[in-house]
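# Tertiary structure, described
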Amino acid sequence: MGSTDGDNNDGITVLDVTTPGTPAYCFVNLGRSMRPLTAREYLRGYYTVPDLDQIDSLTDEEKQAQVYNLEAISNLADMPLVTKDTLSKVWPKEYGVVKDDDLESPATDQDQTLVSRLQKYRSLTSLEEVVAWLKDEAVSEVGVDLSRLPLDGQQLLTILKGLGPFKRLNVSGNHQVDKNVFLQILEAHKPLHWINIIGCSISKDDLKELFSNYKQLSYFVGRIIHPTFITGDPKNEFPNALRFTLISRQRQSDASSISLPFFGIDQLIQNLTDVVELCNDPYCTTLFVEPNAGNLSAIFASTRGKHENWHERDVEIVPRRSFDLLRGGGYDIVVHNFFNEQSKYAIIPPPVEGQQRKIMDISAFLKHLEEAGSPPSDPDAAKNLVDLVNSTFKLMLNLNAAMFEMARAAAMRERLTQDFE
């Protein structure tokens, strides 16, 4: 598909995530310059800077709009710009063919760091020396970085054991990391907040097999950085680890639902906090705006700390749409919004053979996860969520048949929409 082939007016946003740690962006005015534009250039094409003698005559709304414009520009100020050469390589018919000798590939600081790192690694003569070196070089507040080091599976597992407890791990670019090594990492170091396995010998089929055969592991890993999880799982190939379903207060016959193939307790607490705050937002309530499939996906796709702003979040997974209440295993969280009475919620744990699935409240849910081996690292964030939920919702006593009918109707609309796309 060409960059100008979509249903668009006159502009597109391009994101280059070839190097996930340093993404680049640009805007392009279609049909005009067809060149990469910065946030300032693109925005100022529509919203010009007012003259100094005009500022005092602006309304409060117009002044606030200028503030929003400046914030939008500053949010992208430190992000690299996608080059014209990159656009040409992706869409040569639209941006022109680039000859190989026209391309520049200067050595970056990241390349030089990698070379130095490999040289140091190869100078070490024992595994004990490697562990001692990595404790200083690879371990930080961010986590453990073993990316691109030529370690075999057993060496990697031994080194990780010697590095002590950690919550984030980068083993990207290591072809020796296959599904078996990945499984051992997840089992030995749960719960993990984040693990990068890009460039490892782990396929989509490998991941499907792991999470089908070792379903419990899906409750102990917050984010897995792999191309598979950026597609949104449109064919529902992964088991459900957690499904969130919301029944609209505006249209009581409508339901929105998303599903995650895995989740971590800390990020889930932040995601649920964001959802409850959106339900409580007086501006949204006044304008009849509430969580729907779009903003639920945006919330549960996001990774951010409680002190980070929304624009500082990371998006490392695309939740899938899911309407099969209580099916496919995993946890189910159901929220039923109301206008004239207190909204309700229910949390249903995964099925256990020989036991009935009973509704639990938010406190019991967090305690259940903690007893299973996934305690929150920030008890204050957990308490804040419990207080928010208890002040906003009351617990459902049961899930009535109407809710399942709403979910099935929503699923039918979803399928019809896809058929016509």
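Nothing here was measured: the structure is a model prediction, and the numbers come from that model.

## Comments concerning the overall build of the protein
Each helix and strand in the protein was counted, giving 15 helices and 14 strands. Taking all 421 residues of the protein together, 44% fall into the buried category. Relative to all contacts within the protein whose residues are 6 or more apart in sequence, the contacts with residues 24 or more apart total 66%. For the protein, the exposed area adds up to about 23500 Å²; of that, 51% sits on carbon and sulfur atoms.

## Quick notes on the side chain of asparagine 271
Tracing the backbone shows asparagine 271 in helix α10 (residues 265–280). For asparagine 271, a relative accessible area of 3% puts it in the buried group. Excluding anything up to four places from it in sequence, asparagine 271 contacts Arg223, Ile299, Phe300 and Ser302.

## Describing the nonpolar core
Within the largest apolar cluster, 79 residues are counted, with the highest numbers of intra-cluster contacts made by Leu146, Phe244, Phe300 and Phe365. No other element matches the eight residues that α10 contributes to this core. Within the second largest apolar cluster, eleven residues are counted, among which are Val14, Ala24, Val28 and Leu30.

## Quick word on the sheet that holds strand β4 (residues 168–170)
Sheet architecture is open: four strands sit in the order β3-β4-β5-β6, paired in parallel fashion. Both outer strands of the open sheet, β3 (144–145) and β6 (221–225), are each paired with one neighbouring strand and no more. Note that β4 and strand β5 (residues 192–196) share three bridges and pair parallel. Following the sheet pairing, arginine 168 is matched in β5 by tryptophan 194. Where helix α8 (residues 179–188) meets the sheet, it contacts β4, β5 and β6, and its direction lies at approximately 160° from that of β5.

## Here we look at helix α7 (residues 153–163)
Those residues of α7 that fall on the buried side of the exposure criterion are Gly153, Leu156, Leu157, Ile159, Leu160 and Leu163. For α7, the arc enclosing every buried residue in end-on projection is 165°, short of the 170-degree limit, so these residues lie on one face. Pointing more than 90 degrees away from the buried face of α7 are the exposed residues Gln154 and Lys161. Where the residues of α7 are buried, they touch α6 (127–137), β3, β4 and α8. Its side-chain oxygen at 3.1 Å from the backbone nitrogen of glutamine 154, aspartate 152 defines the N-terminal cap of α7.

## Re the pattern of salt bridges
Under the definition given, this model contains eleven salt bridges. Glutamate 209 is paired through a salt bridge with lysine 179; the nearest N and O atoms lie 3.0 Å apart. Of this pair, glutamate 209 sits in helix α9 (residues 204–213) while lysine 179 sits in helix α8, placing them 30 residues apart in sequence. Classification of glutamate 209 as partly exposed rests on a relative accessible area of 35%. Of the residues examined, lysine 179 reaches a relative accessible area of 24% and is grouped as partly exposed. One salt bridge connects lysine 383 with aspartate 387, and the closest N-O pair in it is separated by 2.9 Å.

## A look at the packing of aromatic side chains
Within a pair of aromatic rings, the relevant descriptors are the distance that separates the centres and the angle that separates the planes. A full pass over the atoms with the stated rule returns 13 aromatic pairs. Here the aromatic rings of tyrosine 25 and phenylalanine 27 are separated by 5.7 Å at their centres, their planes lie at 75°, and the arrangement is edge-to-face. On the basis of relative accessible area, tyrosine 25 is assigned to the buried category, the value being 5%. On the numbers, 5.1 Å between centres and 75° between planes, the contact of tyrosine 219 with tyrosine 331 is edge-to-face. Here tyrosine 331 lies in strand β12 (residues 331–336) and tyrosine 219 lies in the loop between α9 and β6, a separation of 112 residues in the sequence. Each of the two residues, tyrosine 219 as well as tyrosine 331, counts as buried.

## Points about the confidence of the model for the protein
Chain-level pLDDT for the protein is 84 on average; 87% of the residues reach the 70-or-more range. Averaged over each element, pLDDT in the protein is lowest for helix α15 (residues 401–420) (53) and highest for α8 (97). Considering only residues more than four positions removed or in separate chains, one finds that residues 416–421, a stretch of pLDDT under 50, has zero contacts.

## Brief notes about the packing of α7 against α8
Contact pair α7 / α8: the axes reach a minimum separation of 10 Å and the direction vectors enclose 10°. It follows that α7 is roughly parallel to α8 by the angle criterion. Residue-level contacts link Gly153, Leu156, Leu157 and Leu160 of α7 to Val181, Gln184 and Ile185 of α8.

## Comments concerning the sheet that holds strand β7 (residues 242–247)
Taking strand neighbours across the sheet as the criterion, the six strands line up as β11-β8-β7-β12-β13-β14 in an open arrangement whose pairing is mixed. Here the strands that pair on one side only, and so sit at the sheet edges, are β11 (320–321) and β14 (393–395). Taken strand by strand, helix α14 (residues 379–392) contacts β13 (343–348) and β14, and its axis lies near 85° from that of β14.

## Some details on unusual backbone geometry
The step from lysine 190 to proline 191 runs through a cis peptide bond, and the omega angle for that step is 0°. Tracing the sequence through the fold places proline 191 in the loop between α8 and β5. The phi dihedral of arginine 148 falls on the positive side, at around 65°, and the residue is not glycine. Positionally, arginine 148 belongs in the loop between β3 and α7.

## Section: the environment of glutamate 128
Within the secondary structure, glutamate 128 sits in helix α6. Spatially, the C-alpha atom of glutamate 128 lies 8.6 Å from that of isoleucine 159, the residues being 31 residues apart in sequence.

What counts, and at which threshold
Residue numbers restart at each chain and count upward from 1, following the sequence in its written direction. Selection of residues for local features in this predicted model requires a pLDDT of at least 70, selection of side-chain atom pairs for listing and counting requires 80 or more, and totals for whole chains, interfaces and linings are taken over all residues. As a rule here, side-chain values come from all non-hydrogen atoms in the structure, and water together with hydrogens is ignored. To qualify as a helix, a DSSP run of H or I must reach at least 4 residues; to qualify as a strand, a run of E must reach at least 2; elements of each kind are numbered from the N terminus. Think of it in three bands: residues with accessible area under 20% of the maximum for their type are buried, residues over 50% are exposed, and the middle band is partly exposed, with areas taken using a 1.4 Å probe on protein chains only. In what follows, a contact means two residues having at least one pair of non-hydrogen atoms within 4.5 Å. In short, Shrake-Rupley with a 1.4 Å probe defines the accessible areas, and a residue's cover is counted only from the protein chains shown. By nonpolar core we mean a set of buried residues, namely Ala, Val, Leu, Ile, Met, Phe, Trp, Tyr and Cys, connected to one another through side-chain atoms within 4.5 Å. Two strands are counted as paired when DSSP detects at least two bridges linking them. Helix axes are fitted only over the stretch in contact, all axes being lines through C-alpha atoms; the angle between N-to-C directions runs from 0 to 180 degrees. Each direction from the helix axis to a C-beta atom contributes to the arc, which is the arc of those directions. Residues adjacent in sequence count toward polar contacts only when both atoms are side-chain atoms; beyond that, a polar contact is any pair of N or O atoms within 3.5 Å, and within protein one must be able to donate a hydrogen and the other to accept it. Salt bridges, as used here, are contacts in which a Lys or Arg side-chain nitrogen is within 4 Å of a carboxyl oxygen on Asp or Glu. Any pair of Phe, Tyr and Trp rings, taking the six-membered ring for Trp, is counted once the centres come within 6.5 Å. Such a pair is stacked with planes under 30 degrees apart, edge-to-face with planes over 60 apart, and tilted for the rest. Each residue gets a pLDDT score, which is the predictor's confidence in that residue and runs from 0 to 100. Between 65 and 115 degrees an angle is taken as roughly perpendicular, under 35 as roughly parallel, over 145 as roughly antiparallel, and anywhere else as oblique.

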